[in-house]
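# Structural description and commentary
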Amino acid sequence: MNEELVLNNMPLVGHIAKKYWNTGCEYEDLVQEGSIGLIMAAAQFDPEYGCRFTTLAGVYIENRIRMYLRREKKHNRCVMSLDQEMTEDGRRLEEIIGFQPDEFEAVWKLDYLERAAKVLNKEEWELVRRYYIDGVTQAELARQCRIGQSTLGRKLQKILAKMRRAAE
């Protein structure tokens, strides 16, 4: 399913990458970064959240391209691929620096969450933290808040929509 989502939505990557043609970066590099964002979106997609895949993918693709552009601007040089061989014995950059993809994704998610959470009040932030970060189940959280689980679900959907608008 994830592979099918990625293959069917590759044109979206090209469409978003075209918006950044005038940045001085190669179009192919923008497409490559956007494709990574598309793959990340496919890995995170859950149709039960009530969000269309293209909506989620667009955010991931755009954010990935923007992060790439910020790195390029900051370093004013070509970013080396983690898969590029670095040494004569064939070790890759990711092995040399001890890069773990899960660590990068965790840092990226925290940064995104921090930016989006600035619009939340204390109660909303507490719900988001407990459900999405601490992993408290919806049933348990609803019981603790003394509200119905469906009410909590609607509340969480509204909070997420508010966060998405703020992060865009």
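Residues numbered from 1 in each chain as written. Predicted model: local features only at pLDDT ≥ 70, side-chain atom pairs only at ≥ 80, totals over all residues. Heavy atoms only, no water.

### Some details on the overall build of the protein
- Within the protein, the secondary structure is distributed over 9 helices and 0 strands.
- Helices (α) and strands (β) of the protein occur, in sequence order from the N terminus, as α-α-α-α-α-α-α-α-α.
- Across the protein, the fraction of contacts at a sequence separation of at least 24, relative to all contacts at a separation of at least 6, is 54%.
- As displayed, the protein has an accessible area near 11,300 Å², and 51% of this comes from carbon and sulfur atoms. (Helix = DSSP H or I, 4+ residues; strand = E, 2+ residues; numbered from the N terminus. Contact = heavy atoms within 4.5 Å. Areas by Shrake-Rupley, 256 points an atom, 1.4 Å probe, with all protein chains shown as cover.)

### Notes on the confidence of the model for the protein
- Of all residues in the protein, 73% have pLDDT values of 70 or greater, and the mean over the chain is 78.
- Note on residues 77-87: pLDDT is under 50 here. Beyond four places in sequence and across chains, it has 24 contacts. (pLDDT = per-residue confidence, 0-100.)

### Overview of unusual backbone geometry
- Phi is positive for Arg146, which is not a glycine, with a value near 60°.
- In this fold, Arg146 is placed in the loop between α8 (138-145) and α9 (149-167).
- Here Arg146 falls in the exposed class, since its relative accessible area comes to 79%. (Buried < 20%, exposed > 50% of the residue type's maximum accessible area, 1.4 Å probe, protein only.)

### A word on the pattern of salt bridges
- Summed over the entire model, instances satisfying the criterion amount to 8 salt bridges.
- Note that Lys19 is salt-bridged to Glu62, the shortest N-O span being 3.1 Å. Taken together, the residues Lys19 in the loop between α2 (10-18) and α3 (27-44) and Glu62 in helix α4 (residues 53-75) connect sequence positions 43 residues apart.
- By relative accessible area, Lys19 is classed as partly exposed at 48%.
- Arg129 is the salt-bridge partner of Glu126, the closest N and O atoms lying 2.4 Å from each other. (Salt bridge = Lys/Arg side-chain N within 4 Å of Asp/Glu carboxyl O.)

### Focus: helix α7 (residues 122-133)
- Here α7 spans 15 Å end to end across 12 residues, near enough to the 16 Å set by a 1.5 Å rise per residue.
- Of all the positions in α7, only Glu124, Leu127, Val128 and Arg130 are classed as buried.
- N-cap assignment for α7: the residue whose side-chain oxygen lies 3.1 Å from the backbone N of Glu123 is Asn121.
- Once α7 ends, the next one or two residues include Gly135, with phi positive near 80°. (Expected span 1.5 Å × (residues − 1). Polar contact = N/O pair within 3.5 Å; in protein donor to acceptor, adjacent residues only side chain to side chain.)

### A short note on the nonpolar core
- Grouped together as the largest cluster of nonpolar side chains are 21 residues, with contacts concentrated most on Leu30, Leu38, Phe53, Ile61, Ile65 and Leu69.
- Those elements that provide at least two residues to this core are α1 (2-8), α2, α3 and α4.
- When neighbours within four sequence positions are excluded, Leu38 is seen to be in contact with Val6, Asn9, Met10, Val13, Phe53, Ala57 and Ile61. (Core = buried A, V, L, I, M, F, W, Y, C linked by side-chain atoms within 4.5 Å.)

### Overview of the side chain of Ser35
- Positionally, Ser35 belongs in helix α3.
- Relative accessible area serves as the criterion here: at 15%, Ser35 is assigned to the buried category.
- If sequence neighbours within four positions are ignored, Ser35 has contacts with Met10 and Val13.

### Side note on the packing of aromatic side chains
- Scanning the entire structure with this criterion turns up 1 aromatic pair.
- Aromatic side chains Phe45 and Phe53 sit 5.2 Å apart centroid to centroid with 80° between the ring planes, which places their arrangement in the edge-to-face category. (Phe/Tyr/Trp six-rings, centres within 6.5 Å; stacked < 30°, edge-to-face > 60°.)

### Comments concerning the packing of α7 against α8
- Contact pair α7 / α8: the axes reach a minimum separation of 10 Å and the direction vectors enclose 150°. Taken together, α7 and α8 sit at an angle that is classed as roughly antiparallel. Crossing handedness for the pair α7 and α8: right-handed. Contacts between α7 and α8 involve Leu127, Arg130 and Tyr131 on the former and, on the latter, Gln138, Leu141, Gln144 and Cys145. (Axes fitted to C-alpha atoms, helices over the stretch in contact; angles between N-to-C directions. Parallel < 35°, antiparallel > 145°, perpendicular 65-115°, else oblique. Left-handed = near helix turned anticlockwise from the far one by under 90°.)

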